[in-house]
Amino acid sequence: MRTRRLALTAAAVAAIAATATACGPDNSDAAAPTAPVTKAAAPSEPAAPATAAPAGAAPTKTAPPKSPAAPAGSASAAPGDKSGYGQVCGANDLDFVAKAETQAGGYLLISAKAKSGITCTLPAGHPVIAFGSGGIEAAAFERGAGEQITLSGAKTVYAGIMTKTTKGNQAVQYTDVIIGIGTPDPNPVSIPVGTTPVDKPVVTNWHTLPKDAVPVG
């Protein structure tokens with residue numbers, strides 16, 4: 001009987017001890033070392049995607065390089081050049097009229113003006129005047145060269161031709177006169193003058209008044 005009581009007492013003590021252990025404070029977390037807190041790096045922002053052109057949009061055109069500027073003085077082109085305004089007159093830039101005059105023993109008065117839409121400059125001096133295929137050329141009547149004259153619109157200039165300056169009957173008859181501007185003029189023109197005796201002809205400079213183009217003196 002005593003042995004059974006001791007066994008029950010031992011069992012009770014063991015149960016109390018187990019209960020005390022189960023209800024006691026849990027110190028396992030306090031004993032564990034605290035790990036340092038590491039901040040996570042902020043994620044990098046993704047690069048902005050390239051903006052694509054809208055569907056169907058026309059591609060941007062690159063402007064072509066500018067043409068180099070024309071050199072100064074380019075307006076003084078060769079006679080007959082119609083690349084722009086202000087060029088030197090050529091015979092084919094002008095309209096001519098020939099008229100027989102009786103003053104000073106008779107001479108031809110040549111008048112000229114620029115064709116429609118053309119502005120050009122007559123060089124100082126006289127027109128180049130020739131007769132026939134043999135090229136009987138008129139000499140200068142005046143010593144000075146005069147001045148350049150700009151022609152445009154209705155502005156008219158005049159030159160006088162003394163077709164025969166010799167005495168006698170050795171003159172050759174012509175019905176046309178060939179006119180050029182400058183030497184040489186690549187595009188001379190021929191205009192009718194009627195039957196005209198020619199021998200050692202002379203021609204005046206260009207003038208803005210017909211009275212100044214009389215080959216006398």
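Structure: see above.
Residue numbers here run from 1 along each chain, matching the order of that chain's written sequence. Restriction of local features to residues with pLDDT of at least 70 applies here, the model being predicted, together with a cutoff of 80 or more for giving and counting side-chain atom pairs; totals for whole chains, interfaces and linings are based on all residues. The side-chain values count all of the structure's non-hydrogen atoms but skip hydrogen atoms and water molecules.

Focus: the overall build of the protein
- Labels follow the DSSP assignment, with helices taken as runs of H or I lasting at least four residues and strands as runs of E lasting at least two, numbered in each case from the N terminus. On a plain count of helices and strands, the protein comes out with two helices and twelve strands.
- Reading the protein from its N end, one meets helices and strands in the order α-α-β-β-β-β-β-β-β-β-β-β-β-β.
- Burial classes follow relative accessibility: with a 1.4 Å probe on protein chains only, a residue under 20% of its type's maximum area counts as buried, one over 50% as exposed, and anything between as partly exposed. In the protein, buried positions account for 28% of the 217 residues.
- For the protein, restricting intrachain contacts to residue pairs at least 6 apart in sequence, the fraction spanning at least 24 positions comes to 70%.
- Areas reported as accessible are Shrake-Rupley estimates using a 1.4 Å probe. Residue values count occlusion only from the protein chains shown. In the structure as shown, the protein presents an accessible area of about 14,800 Å², 59% of it carried by carbon and sulfur atoms. In this description, contact between two residues means that some pair of their heavy atoms is separated by no more than 4.5 Å.

Here's the deal with unusual backbone geometry
- Residue Pro184 is bonded to the preceding Thr183 through a cis peptide linkage, with omega at -5°.
- Structurally, Pro184 is set in the loop between strand E10 (172-180) and strand E11 (189-198).
- The phi torsion at Ala104 lies on the positive side, around 60°, for a residue other than glycine.
- Along the chain, Ala104 turns up in the loop between strand E2 (94-101) and strand E3 (107-114).
- By relative accessible area, Ala104 is classed as partly exposed at 34%.
- Positive phi outside glycine occurs at Lys200, with the angle close to 50°.
- Among the residues examined, Lys200 registers a relative accessible area of 59% and is labelled exposed.

A short note on the sheet that holds strand E1 (residues 87-88)
- Taken in spatial order, the three strands make up an open sheet running E1-E4-E8, and their pairing is mixed. Two strands in the sheet have a free side with no partner beyond their single neighbour: E1 and strand E8 (149-151).
- Of the pairings in the sheet, the one linking strand E4 (residues 120-122) to E8 comprises three bridges and is antiparallel in character. The partner of Cys120 across the bridge, within E8, is Leu151. Strands are treated as partners if at least two bridges between them are detected by DSSP.

Thoughts on the environment of Thr163
- When you line up the elements, Thr163 lands in the loop between strand E9 (156-162) and E10.
- With a relative accessible area of 9%, Thr163 lands in the buried category.
- When near neighbours in sequence (up to four residues on either side) are disregarded, Thr163 contacts Leu108, Phe131, Thr196, Pro197, Val198, Asp199, Lys200 and Pro201.
- Polar contact is defined as a pair of N or O atoms within 3.5 Å, subject to the rule that within protein one atom must be able to donate a hydrogen and the other to accept it, and that residues adjacent in sequence are counted only when both atoms are side-chain atoms. Engagement of the side chain of Thr163 in a polar contact is seen with the backbone oxygen of Pro197, the distance being 2.8 Å.

What to know about the pattern of salt bridges
- By definition, a salt bridge exists where a carboxyl oxygen of Asp or Glu is found within 4 Å of a side-chain nitrogen of Lys or Arg. For the structure shown, the criterion picks out one salt bridge.
- Across the salt bridge formed by Glu101 and Lys99, the nearest N and O atoms sit 3.9 Å from each other.

Focus: the pairing of E3
- For E3, the buried fraction is high: seven of the eight residues fall into the buried class.
- Pairing geometry for E2 and E3, over eight bridges, is antiparallel. Bridge pairing in E3 places Glu101 opposite Tyr107.
- Between E2 and E3, which pair antiparallel and follow one another directly, the connecting turn spans five residues, one of which, Ala104, has a positive phi of 60°.
- Sheet analysis places E3 next to E9, joined by six bridges and oriented antiparallel. Its bridge partner being in E9, Ile110 is matched across the sheet by Ala159.

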